[in-house]
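# A look at the structure
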Amino acid sequence: MPTWSASQYLKFEDERTRPAAELVARVPLEAPGRIVDIGCGPGNSTELLVRRWPAAAVAGFDTADTMLEAARKRLPETEFFKADAARWMPDADADLIYSNATFQWVPDHLDVLVRLFGALKPGGVLAVQMPDNLGEPSHVAMDAAAGAGPWAGKLASAGLARDPLPAKPVYYDRLAPMSRSFDIWHTIYTHPQAGPEGIVEWLKGTGLRPYLDPLDAAERAGYLDAYTARIANAYPARADGKVLLWFPRLFIVAVKA
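An account of the accompanying structure is given in this report. Within any chain, residue numbers begin from 1 and follow the written order of that chain's sequence. Per-residue local features of the predicted model are confined to residues with pLDDT of at least 70, and side-chain atom pairs are confined, for both listing and counting, to 80 or more; whole-chain, interface and lining totals are unaffected and use all residues. Side-chain metrics rest on all non-hydrogen atoms present in the structure, leaving aside hydrogens and water.

Bringing the pattern of salt bridges into the picture now. Should a side-chain nitrogen of Lys or Arg be within 4 Å of a carboxyl oxygen of Asp or Glu, the pair is scored as a salt bridge. Scanning the entire structure with this criterion turns up 13 salt bridges. Measuring nitrogen to oxygen at the nearest pair gives 3.6 Å for the salt bridge that ties arginine 34 to glutamate 79. With arginine 34 in strand E1 (residues 34-38) and glutamate 79 in strand E3 (residues 79-82), this residue pair connects regions lying 45 residues apart in the sequence. Classification of residues uses two cut-offs on accessible area relative to the type maximum, computed with a 1.4 Å probe and protein chains only: under 20% is buried, over 50% is exposed, and between them is partly exposed. Using a relative accessible area of 16% as the deciding quantity, one classes arginine 34 as buried. Overall, the relative accessible area of 40% leaves glutamate 79 in the partly exposed class. Between glutamate 47 and arginine 51 there is a salt bridge whose closest N-O contact spans 3.2 Å. Placement of the pair is glutamate 47 and arginine 51 together in helix H3 (residues 44-52), with a separation of 4 residues, close to one helical turn. Residue glutamate 47 is classed as buried on the basis of its relative accessible area, which comes to 18%. It is possible to trace a salt-bridge network through shared partners that takes in Glu47, Arg51 and Arg74. Going along the chain from the N terminus, every DSSP run of H or I of four or more residues is numbered as a helix, and every run of E of two or more is numbered as a strand.

A separate point is the sheet that holds strand E7 (residues 243-256). What the 7 strands build is an open sheet, ordered E3-E2-E1-E4-E5-E7-E6; its pairing is mixed. Taken across any chain shown, the strands that pair with only one partner, and hence form the sheet edges, are E3 and strand E6 (179-193). Each strand axis lies, on average, 20° off the axis of its neighbour in the sheet, ignoring direction. Its contacts with the sheet put helix H4 (residues 65-74) on strand E2 (57-62) and E3, and the angle it makes with E3 is roughly 170°. Of the strands in this sheet, E1, strand E4 (96-100), strand E5 (125-131), E6 and E7 touch helix H5 (residues 109-119), which is tilted by about 35° from E7. When DSSP locates at least two bridges between a pair of strands, those strands are taken to pair. An axis is simply a line fitted to the C-alpha atoms; with a helix, the fit covers only the stretch in contact. Between two such axes, the angle follows the N-to-C directions and lies from 0 to 180 degrees. Between two residues, a contact is recorded if the distance between any of their heavy atoms is within 4.5 Å.

Among the structural elements, leucine 203 can be located in helix H8 (residues 196-204). When near neighbours in sequence (up to four residues on either side) are disregarded, leucine 203 contacts Ser138, His139, Met142, Leu208, Arg209 and Tyr227.

When H8 is considered as a whole, its buried residues turn out to be Pro196, Gly198, Ile199, Val200, Trp202 and Leu203. Buried positions along H8 lie against helix H2 (13-25), helix H6 (137-146), E6, helix H9 (209-212), helix H10 (217-234) and E7.

Further remarks concern the packing of H2 against H3. Two elements in contact, H2 and H3, have axes whose closest approach is 9 Å; the angle formed by their N-to-C orientations is 40°. With respect to H3, the element H2 is oriented oblique. Where H2 crosses over H3, the two elements pack in a sense that is right-handed. Touching Glu13, Thr17, Ala20, Ala21, Val24 and Ala25 of H2 are Asn44, Ser45, Leu48, Leu49 and Arg52, all from H3. Geometric relationships in this document are graded by angle, where less than 35 degrees denotes roughly parallel, more than 145 denotes roughly antiparallel, 65 to 115 denotes roughly perpendicular, and other angles denote oblique. When the near helix sits turned anticlockwise from the far one by under a right angle, the crossing is termed left-handed; a clockwise turn instead gives a right-handed crossing.

Position of asparagine 133 relative to the elements: it lies in the loop between E5 and H6. In this structure asparagine 133 comes out as buried when scored by relative accessible area, which is 3%. Within the local environment of asparagine 133, its side chain forms a polar contact with the side chain of arginine 162, the two groups lying 3.1 Å apart. A 3.5 Å cut-off defines polar contacts: any pair of N or O atoms within that distance qualifies, except that in protein one atom must be a possible hydrogen donor and the other a possible acceptor, and neighbouring residues in sequence count only when both atoms are side-chain atoms.

Now for the pairing of E2. Most of E2 sits out of view: 5 of its 6 residues are buried. The pairing of E1 with E2 spans 5 bridges and is classified as parallel. Bridge pairing in E2 places arginine 34 opposite alanine 57. Sheet topology note: the E2/E3 ladder contains 4 bridges and is parallel. If you follow aspartate 62 over to E3, its bridge partner there is lysine 82. For the crossover that starts at E2, traverses H4 and ends in the parallel E3, the hand is right-handed. When the strands point away from the viewer, a crossover counts as right-handed if the route from the first strand across the helix to the second turns clockwise.

With a phi angle near 60°, alanine 101 is a residue other than glycine that sits in the positive phi range. Along the chain, the position of alanine 101 falls in the loop between E4 and H5. Classification of alanine 101 by relative accessible area gives partly exposed; the value is 22%. Its identity as a non-glycine residue notwithstanding, aspartate 108 has a phi of 50°, on the positive side. Its place among the elements puts aspartate 108 in the loop between E4 and H5. For aspartate 108, a relative accessible area of 56% puts it in the exposed group.

Shown next as structure tokens:
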């Protein structure tokens, strides 16, 4: 897994929290007793859960110590623990398994989602959001820059950190038969940035991590220069001088039969 920086991630907290909030809003539960936030990060998504259901027992987990430290500072009365989403199983009393922008990093994540959903009690809800942006210029440029410099050897497998999401009907075929209700939708967010450097700064907190982590400081600077040049070409300035980062995301809310 890539290394994560809570401070880098939170540079774009409002934009990153928007899909988390929209996912929370679509959960059809009035008074869940037990909620788990998978891949809680610095706690911005967990805070939404605590606010909506203040009487619930909310817990969050992540693999990154830096994220858990930030989450505990943000929500000192909430339970946070370290765990791997690929192996974790919910307690029998879980009413809601929630995950914002985590499962795209989990190998064979659809199998994991089916397992987790199957472990919920009847009426329990699985609510998941995942970026669906590997085909966007922002991510295509990562591989192009990786293969076009002296760092190519170190980055030969960087693009394997994430698999493309399965087609939307595949999620339906695996999860809908287990569901009382099943909702899946796809949204493309638009994030204006002051320039291409803004897009790069955004992605330094997420998608670029597998490309930056293997490099030393000089290689990292060279790679970022090469990547920024490609981003500048792929995202031209608009009428007001800003550039637009298009960001597709996939949402699933399933209620277990």
